[in-house]
Amino acid sequence: MSDHHKDDGSRVETFDARSPSRRRFLKSMGASGLAAATAPAWAQIAQASQSQAEPVEPRDDGAPGEGEQQIQLIVNGVEHTLNVKPNAVLLDVLRDRLELTGTKKGCDQGQCGACTLLVNDTAINSCLSLAVSHDGDEITTIEELSQGDELHPVQAAFWAHDAYQCGYCTSGQIMSAVAILNDDNIGSDDASVREAMSGNICRCGAYKNILAAVQDARGKMKGAS
């Protein structure tokens, strides 16, 4: 934040788009719930800057209760033993049970891509997937991408290119981008990237910046390999 003064002498607080708090926002994607979804981007960023992601401890629910099924999910490298209902949705289990709220609930119909994450390195819409179908699977969410204070190349590129506005779709956009950049079957030209990312909707219309960020990250990821 920085201060500017109006002609009448009153002070106005403005947001610096390159501030460290915005960097932390990209790492955690802010708070969960519709309140965060409808808040201005600066409010989400400020809230995210107030808390650092804490290490997730392995969870063991013990013996399953009536009508529950026990599953093992390896989420961001941590194995959890969970008892879930047969109809429990993967997105809800991650957000409500493991409190990994970076993955967003958008349309809840698999049409917007806000809930995108990686299962065994493949991007899926977690709102359409039952948790019991992923017993033993390795799941990667947005919280896993950064290493300490170092952003993943895709996160860094989204930051550098302002590839988000309200931020609600950003975690899904980033996870899809990571998946396609690691998929040799998807072309590197702009048209192929647009097609591969077409399942991720940005209602703010930041598609041009998102494409630029993905292509920028491509160069950085290849340079690091």
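In this text the structure is predicted, and so the values were computed from the model without any measurement.

**Re the pairing of strand β4 (residues 78-84)**
In step 1: β4 sits mainly inside the fold: six of its seven residues count as buried.
In step 2: Where strand β3 (residues 69-75) meets β4, seven bridges bridge the pair, whose relative direction is antiparallel. For I74, the partnering residue across the bridge sits in β4 and is E79.
In step 3: Hairpin connection of β3 to β4: two residues between the antiparallel strands, including N76 at a positive phi of 55°.

**Observations regarding the sheet that holds β3**
In step 1: The five strands lie next to each other as β4-β3-β7-β5-β6, forming an open sheet whose pairing is mixed. Single-partner strands in this sheet number two, and they are β4 and β6 (122-125). Taken over all neighbouring pairs, the strand axes of this sheet differ in orientation by 40° on average, direction set aside.
In step 2: Both β3 and strand β7 (residues 138-140) contribute to a ladder of two bridges, which runs parallel. If you follow I74 over to β7, its bridge partner there is E138.
In step 3: Seen against the sheet, helix α4 (residues 90-97) touches β3, β4, β5 (116-119), β6 and β7 and runs at an angle of roughly 110° to β4.
In step 4: Packed onto the sheet, helix α6 (residues 170-181) meets β5, β6 and β7 and runs at close to 40° relative to β5.

**Details of the pattern of salt bridges**
In step 1: Taken as a whole and judged by the stated rule, the model has five salt bridges.
In step 2: A salt bridge links D92 to K105; the shortest N-O distance between them is 2.8 Å. Within this pair, whereas D92 is found in helix α4, its partner K105 is found in the loop between α4 and β5, the two being separated by 13 residues in sequence.
In step 3: The exposure class of D92 is partly exposed, given its relative accessible area of 25%.
In step 4: In this structure, K105 and D108 form a salt bridge, with 3.3 Å as the shortest nitrogen-oxygen distance.
In step 5: The exposure class of D108 is partly exposed, given its relative accessible area of 39%.
In step 6: Linked through salt bridges whose partners overlap, the residues forming this network are R59, D61 and R97.

**Digging into the nonpolar core**
In step 1: Ranked by size, the top nonpolar core spans 25 residues in total, and within it V154, F158, I174, L181, I210 and V214 carry the most contacts.
In step 2: Among the elements of the structure, α5 (153-160), α6 and α8 (207-224) are those that each provide at least two residues to this core.
In step 3: Considering each element in turn, this core owes the most residues, seven residues, to α6.
In step 4: When residues of this core are sorted by domain, at least three fall in each of domain 1 (3-145) and domain 2 (153-224).
In step 5: Leave out the neighbours within four places in its chain, and I210 touches F158, A163, Q173, M197 and C202.

Rules used in this analysis
Residues numbered from 1 in each chain as written. Predicted model: local features only at pLDDT ≥ 70, side-chain atom pairs only at ≥ 80, totals over all residues. Heavy atoms only, no water. Buried < 20%, exposed > 50% of the residue type's maximum accessible area, 1.4 Å probe, protein only. Helix = DSSP H or I, 4+ residues; strand = E, 2+ residues; numbered from the N terminus. Pairing = 2+ DSSP bridges. Axes fitted to C-alpha atoms, helices over the stretch in contact; angles between N-to-C directions. Contact = heavy atoms within 4.5 Å. Salt bridge = Lys/Arg side-chain N within 4 Å of Asp/Glu carboxyl O. Core = buried A, V, L, I, M, F, W, Y, C linked by side-chain atoms within 4.5 Å. Domains from an automatic or database assignment.

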